[in-house]
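A structural walkthrough
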Amino acid sequence: MKTLTGIPVFSGIAIGKAFLYLEDDFPEIPRYSIRKNQVEAEWKRLLRANVEAMEEVKVLHEQASREMSKEQADIFEAHLMMLEDTVFQEQIKERLKTTLQNIEWVVWSIAHELVQKLMASPDSDLRERAIDISDVSRRILSKLLSITKKSLADLSQDVILVAHDLLPSDVLTMNKDRVKGIAMDMGSRTCHTAILTRAFEIPAVLGLSTLTREINDGEKLVIDGASGVVSINPDKTALDQYEGISRQYRKKGDELLALRDLPAETTDGYRVTLKANIEVPEEAAQVSRYGAEGIGLYRSEFLLLTSGQAAEEERQYQVYRQVLEAMGTLPVTIRTMDSGGDKQLPNFQSPNEKNPLLGWRAIRFSLARPELFKTQLRAILRASVHGNARIMFPMISGIEELEQARAILEEAKDECRHKGQVYTEDIAVGSMIEIPSAAMTADILAQRSDFFSIGTNDLIQYSLAVDRGNEKVDYLAQPFHPAVLRFLKKTIDAAHKQGIKAAMCGELAGDPSATVLLLGLELDTFSMTASAIPQVKQIIRGVDLESCRVLANKALECTSYHHVTGLVAAWMADHFPPS
Ligand code: PEP
Ligand code: MG
């Protein structure tokens, strides 16, 4: 038995067989010499592979033209043209004859040279072309080498998914009924893959660094999502222990569910609101199980990421309506598309940005593509009459962006009006506070916002300069850093001064070790992954606001992260002694 420790992401025990999923499963390209009389046979192999690749791309092109955007269809059209390109084929034939190397090697080496050359170009169109060439050559090579990629959507047995890195879109499209646990080399607590594993309630440990090198496909694996420990080939004693822990988790979970209908109120009567974050519309029907009083964050970009395209207005409208109807009269905050960063919208955003987290993302992208943005806003507006909808803009960095976004919202309203479509005229508009500049100018933003929601995942990332997806610097992502606490205080106070509510929808809102501090800062609304609600509620119901205020004021005077952490941990141990 071997154990590794990573970053605990969603608690629970998963025991099962490892399913090793490596995105770059492409094998090393074989290289061998051929005889002159084999040239013709090698050439025929290429022609056959080319035909198969063309058939595949034609199907994708038809599908894209039918269901997706024009941009997406154009990409497949360009791929088809490359596959038909006789100049490229002649170049391959020529090199095959002169070098007398196997055809896979010839295709790979020509494509590799071309891609390297184009990637070095300052012209972004040429760099985009390099991606197309790489795609097309990989498709031909996979035919030549008879490679079929493992599919996460087709999993037919229960597994523990082990990967070096999973994209949020991998998690969205995998067969969730079969994935009992997730273990990854990369990632941290607040990366979007982590957020999705919590949304789907799959025990997960990320940031394990070397796991994929230490485990073989099919080996027995246990992951403990609370402690972050994973055990490869555990012995019988360890297995028995894990099964015992698993039973305890389930018992505690069931006990907490009994709190569902009780108010989130301190012992001295201070009432806060607990809401759920959702990533996919189907979650909306589940959140009431945990007593969510609304949806504080619907990450709408995942709707677009699953398909890799900008969804049609009608499709978006239906989805938003589904979520609103599932919640009845409870409020639903739909955040406009927060794509970019680790949620690149293929075909719209460039994978070649040098600093995607600081780049063309979220509201910046929406403002630069007003037609796409308005499509989304019209869909939300039309859906708004089917429930209690609110709109929220992500990554607002200053008042100009908020004003521009509001102006486009007004245009979207005009368009609905002209078409005779009904919508909620006074729909609430909120700003996410997740960039230090927004927190520093919260007093200004509050004047043009109907509510705030603090995105601590990004606020911590940007204020402490810590990449939220990089396990090596995860230890620096300190929610109790004095700088972060000051940003929180400033934001909440500015909201209250303006008479608006301050919510939080970053992962910190669902972290039970932060609940009393956030109460003391007088946060109004906590929005979190639904399954975290009962535990946070239990803490709220066990404390009084006045002592939380005193604690928060003390924390604000602390000079270091360690100091605050120690202070809060001691307070918690005092008020909630381990049973
Ligand atoms: C955040 O940044 O805290 C947030 C809620 O948004 P996301 O995690 O989607 O970036
Ligand atoms: Mg964010």
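All values reported here derive from a predicted model rather than from experimental measurement.

A closer look at the sheet that holds strand E16 (residues 525–529)
- Strand order in the closed barrel formed by eight strands is E9-E10-E11-E12-E13-E14-E15-E16, with parallel pairing between adjacent strands. Across the sheet, the mean angle from the axis of one strand to that of its neighbour is 30°, orientation sign disregarded.
- Of the pairings in the sheet, the one linking strand E14 (residues 451–454) to strand E15 (residues 501–504) comprises four bridges and is parallel in character. Pairing of Ile-454 across the sheet is with Met-504, part of E15.

Section: the nonpolar core
- Grouped together as the largest cluster of nonpolar side chains are 100 residues, with contacts concentrated most on Leu-274, Tyr-298, Phe-393, Leu-488, Val-516, Leu-517 and Phe-526.
- Among residues more than four places away in sequence, those in contact with Val-516 are Ile-539, Val-543, Cys-548, Leu-551, Val-568, Trp-571 and Met-572.

Focus: the site of ligand 1
- Taken together, 16 residues are adjacent to ligand 1, and Arg-299, Arg-335, Gly-455, Asn-457 and Arg-468 come closest.
- Between Arg-335 and ligand 1, the recorded distance is 2.8 Å, taken from a side-chain N or O atom to an oxygen atom.
- The pocket occupied by ligand 1, as judged from atoms lying within 2 Å of grid points, is the largest cavity.
- Listing elements by their share of the shell around ligand 1, those giving two or more residues are helix H7 (192–199), strand E10 (295–299) and helix H17 (456–464).
- Among the elements that make up the shell around ligand 1, the one with the highest residue count is H17 (three residues).
- Residues belonging to the shell around ligand 1 are distributed by class as follows: four nonpolar, five polar and seven charged.

Overview of the coordination of the magnesium ion (ligand 2)
- Protein ligation of the magnesium ion (ligand 2) involves Glu-434 (OE) and Asp-458 (OD), the donor distances falling in the range 2.0 to 2.1 Å. Of this pair, Glu-434 sits in the loop between strand E13 (428–433) and helix H15 (436–440) while Asp-458 sits in helix H17, placing them 24 residues apart in sequence.

Let's talk about helix H11 (residues 313–327)
- A rise of 1.5 Å per residue sets the reference length of H11, with its 15 residues, at 21 Å; its end C-alpha atoms lie 21 Å apart and thus fit the reference within 8%.
- Within the sequence span of H11, burial applies to Glu-313, Gln-316, Tyr-317, Val-319, Tyr-320, Val-323, Leu-324 and Met-327. Down the axis of H11, the buried set is contained in an arc of 170°. They therefore lie on one face.
- Just downstream of H11, Gly-328 is the residue with a positive phi angle, here 60°.

Concerning the pattern of salt bridges
- Scanning the entire structure with this criterion turns up 37 salt bridges.
- For Lys-2, the salt bridge goes to Glu-214, with nearest N and O atoms at 2.7 Å. Taken as a pair, Lys-2 in strand E1 (residues 2–5) and Glu-214 in helix H8 (residues 211–214) lie far apart in primary sequence, 212 residues in all.
- The class of Lys-2 is partly exposed, set by a relative accessible area of 39%.

Rules used in this analysis
- Residues numbered from 1 in each chain as written.
- Chains lettered and ligands numbered in written order.
- Predicted model: local features only at pLDDT ≥ 70, side-chain atom pairs only at ≥ 80, totals over all residues.
- Heavy atoms only, no water.
- Pairing = 2+ DSSP bridges.
- Helix = DSSP H or I, 4+ residues; strand = E, 2+ residues; numbered from the N terminus.
- Axes fitted to C-alpha atoms, helices over the stretch in contact; angles between N-to-C directions.
- Core = buried A, V, L, I, M, F, W, Y, C linked by side-chain atoms within 4.5 Å.
- Buried < 20%, exposed > 50% of the residue type's maximum accessible area, 1.4 Å probe, protein only.
- Contact = heavy atoms within 4.5 Å.
- Near = heavy atom within 4 Å.
- Polar contact = N/O pair within 3.5 Å; in protein donor to acceptor, adjacent residues only side chain to side chain.
- 1 Å grid on protein atoms, 1.4 Å probe; cavity = no way out; pocket = protein on both sides within 12 Å on 5 of 7 lines; lining within 4 Å.
- Sits in = over half its atoms within 2 Å of the grid points.
- Nonpolar A, V, L, I, M, F, W, Y, C, P; charged D, E, K, R; others polar.
- Donors = N, O, S within 2.8 Å, 3.2 Å for Na, K, Ca; no water.
- Expected span 1.5 Å × (residues − 1).
- Arc of directions from axis to C-beta.
- Salt bridge = Lys/Arg side-chain N within 4 Å of Asp/Glu carboxyl O.

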